[in-house]
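Below, each chain spelled out in residue letters.
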Amino acid sequence: MHAYLADWLSLIIRWFHVIAGVAWIGASFYFVWLDNHLREPPEWKKQKGIKGDLWAIHGGGIYEVAKYQLGPEEMPRKLHWFKWEAYSTLMSGLALLFAVYYFGNPGYLIDTSKLALSTGGAIAIGMGTLIGVMLIYEALIRSPLSRNGLAFGAVLLVILVAVSWGMFQVFAGRGAFIHVGAVIGTIMVANVFLGIVPAQRALVNAIQQGVEPDARVALLAERAKLRSTHNNYLTLPVIFIMISNHYPMFYGHAHGWAVLAAIGFITAFARHFFNLRHQGITRPSILVVSALLTLALIWAMAPSRPDTRLTANAPEVSDQQIRVLVEAHCQGCHVENPPHPAFQAPPAGISLATLEQLKDHRDQVYQATVATEYMPLGNTTGITREERDLIGTWLRQVGPE
Ligand code: HEC
């Protein structure tokens, strides 16, 4: 019953988190698009201080959008702010982190072969990393480094790769992956909360008081622009991390942190193409290079099958040997009514109650157990490398080839 309700809880939070994220990133994509499609307004609008003009049709109606150089002479009674989308994405994301990783199934987060963490220890490392990296980012963006966009980007990339490496040293693959995503998400929300919203507030205050924005307001605005550029580049990697969390081939990879770093670079680079194009520069070479790098990554990550250690002349493995191994290492979770308290149905929908079922899932089992060592989850059952190879050899013996 506990596992059943816990599943509902995490499903509902996840649902909310995705909706909040869609609203946030959707609004952010929309405003980037808007900015890049503004046209020069007619003279009468210019005289009102409008610098960009745009017409659009959507949902059966025609919209007229105007962007002011600074602001209207008088502030409208209702000015819409876009911030709760970001805040609710962070809050639901944190709730999910606690529900799924810290208090859900420890196997997602704790890998005793890396570090035998207690729940408290895992929370301390996880939350400490989120806050620590966010503070480092905040220190950097307030430093002279913020004047050099390219150098800042490079430093940020190095920091995130280091975080990725570090998380993989202490957490199980899936937990490590999601923590890198959470670090990026936290930086993005901090950008809104600590930079973009204060800059907007300063601008609105200046307009309300009828004064020209001073140097402080201008500096805040300049940094807010940089923050918003960073957020823009980070959206694609962060979404990739969210969905790749359902593909053990990524986070279960022996060099998961490097895979993550490569994907972060490729997706942010691809984003660069669109950003340039919005500025009227079309550079298809960026997309070509991104595609080639992706192909290289697909090649580099390919599972090493057939494994040279599991050559055809390896000694025959009996069904009985495998039955014993599966019972000891898999059936605690992968059966109709799992004895494991965290599951109320076979995880990933895969039941391994019989050898036939093991065969039905041979490719996935090979990938998860032999190639990546992702299964048994967190290796709580203490399977050995030799036992994994037995399973690998058996799968080849009974395999179609
Ligand atoms: C402690 C519980 C547990 C044990 C023990 C366990 N698994 Fe899993 N297994 C899971 C969970 C949970 C998932 C879903 C993974 C996810 O969502 O990241 C999973 C997923 C899988 C998948 C699907 C991976 C994919 O491609 O999506 C396979 C295959 C698998 N397990 C095989 C095994 C085999 C074989 C064993 C025994 C050697 C085993 N598991 C032992 C919990 C367990």
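Residues numbered from 1 in each chain as written. Predicted model: local features only at pLDDT ≥ 70, side-chain atom pairs only at ≥ 80, totals over all residues. Heavy atoms only, no water.

Okay, the overall build of the protein next. Across its full length, the protein carries 14 helices and two strands. For the C-alpha atoms alone, the extent of the protein along its principal axes is close to 85 × 50 × 45 Å. Per-residue burial over the protein gives 42% buried out of 401 residues. Excluding contacts between residues fewer than 6 apart, the proportion of contacts in the protein whose partners are at least 24 apart in sequence is 64%. Here the protein displays about 22,200 Å² of accessible surface, and carbon together with sulfur accounts for 65% of that area. When the 30 basic and 27 acidic side-chain charges of the protein are each reduced to a single mean position, those positions are 9 Å apart. (Helix = DSSP H or I, 4+ residues; strand = E, 2+ residues; numbered from the N terminus. Buried < 20%, exposed > 50% of the residue type's maximum accessible area, 1.4 Å probe, protein only. Contact = heavy atoms within 4.5 Å. Areas by Shrake-Rupley, 256 points an atom, 1.4 Å probe, with all protein chains shown as cover. Lys, Arg positive; Asp, Glu negative; His and termini not counted. Charge placed at Lys NZ, Arg CZ, Asp CG, Glu CD.)

Here the iron atom of the ligand is held by H334 (NE2) and M375 (SD), and the distances to it run 2.0 to 2.2 Å. For the iron atom of the ligand, the six donor atoms in the first shell make angles of 87 to 179° at the metal, so the coordination geometry reads as octahedral. In this pair, H334 sits in the loop between α11 (319-329) and α12 (355-360) while M375 sits in the loop between α13 (362-371) and α14 (385-398), placing the two residues 41 residues apart along the sequence. (Donors = N, O, S within 2.8 Å, 3.2 Å for Na, K, Ca; no water. Tetrahedral: all angles 85-135°; square planar, octahedral: opposite > 155°, others 65-115°.)

It is common to give the size of an interface as the accessible area that goes away when the parts come together. Domain boundaries assigned for the protein yield domain 1 (83-301) and domain 2 (308-398). Using only C-alpha atoms to locate each centre, domain 1 and domain 2 end up separated by 35 Å. With eleven residues of domain 1 in contact, the opposing surface of domain 2 contributes nine residues. Summed over both partners, the interface of domain 1 with domain 2 comes to about 760 Å²; 60% of that surface belongs to carbon and sulfur atoms. (Domains from an automatic or database assignment. Buried area = accessible area lost by both parts, 1.4 Å probe.)

Moving on to the packing of helix α1 (residues 2-37) against helix α3 (residues 84-102). Put simply, α1 and α3 touch, their axes get as near as 8 Å, and they point 155° apart. Between α1 and α3, the angle is such that the two are roughly antiparallel. As for the relative orientation of α1 and α3, their crossing is left-handed in sense. Along its contact with α1, which presents S10, I13, R14, F16, H17, A20, G21, A23 and W24, the element α3 presents E85, A86, S88, T89, S92, G93, A95, L96, A99 and V100. (Axes fitted to C-alpha atoms, helices over the stretch in contact; angles between N-to-C directions. Parallel < 35°, antiparallel > 145°, perpendicular 65-115°, else oblique. Left-handed = near helix turned anticlockwise from the far one by under 90°.)

Attention shifts here to the packing of α11 against α14. Following both chains from N to C, one finds α11 and α14 inclined at 130°, their axes separated by 10 Å at the closest point. Taken together, α11 and α14 sit at an angle that is classed as oblique. α11 and α14 meet at a crossing whose hand is left-handed. Within the contact between the two elements, α11 uses D319, Q321, I322, L325 and H329 and α14 uses E387, L390, I391 and W394. Class assignment of the residues belonging to the contact of α11 with α14 gives a composition of five nonpolar, two polar and two charged. (Nonpolar A, V, L, I, M, F, W, Y, C, P; charged D, E, K, R; others polar.)

Taken together, 21 residues are adjacent to the ligand, and C330, C333, H334, Y374 and M375 come closest. At 2.5 Å from an oxygen atom of the ligand is found a side-chain nitrogen or oxygen belonging to Y251. Measuring from an oxygen atom of the ligand, one finds a side-chain N or O atom of Y374 at 2.5 Å. Looking at the shell around the ligand, the elements with two or more residues in it are α8 (248-251) and α13. Among the elements that make up the shell around the ligand, the one with the highest residue count is α13 (three residues). Residues belonging to the shell around the ligand are distributed by class as follows: 15 nonpolar, five polar and one charged. (Near = heavy atom within 4 Å. Polar contact = N/O pair within 3.5 Å; in protein donor to acceptor, adjacent residues only side chain to side chain.)

Further remarks concern the side chain of R388. In this structure, R388 sits in helix α14. Only 2.8 Å separates the side chain of R388 from the backbone oxygen of T369, close enough to count as a polar contact. Once you skip the residues sitting within four places of it in the chain, R388 turns out to touch T369, V370, E373, M375, P376, N379 and I383.

Quick look at the confidence of the model for the protein now. The predicted model of the protein averages 89 in pLDDT, with 97% of residues at 70 or higher. Across the protein, the secondary-structure element scoring lowest on mean pLDDT is α8, at 83, and the one scoring highest is helix α4 (residues 119-141), at 96. (pLDDT = per-residue confidence, 0-100.)

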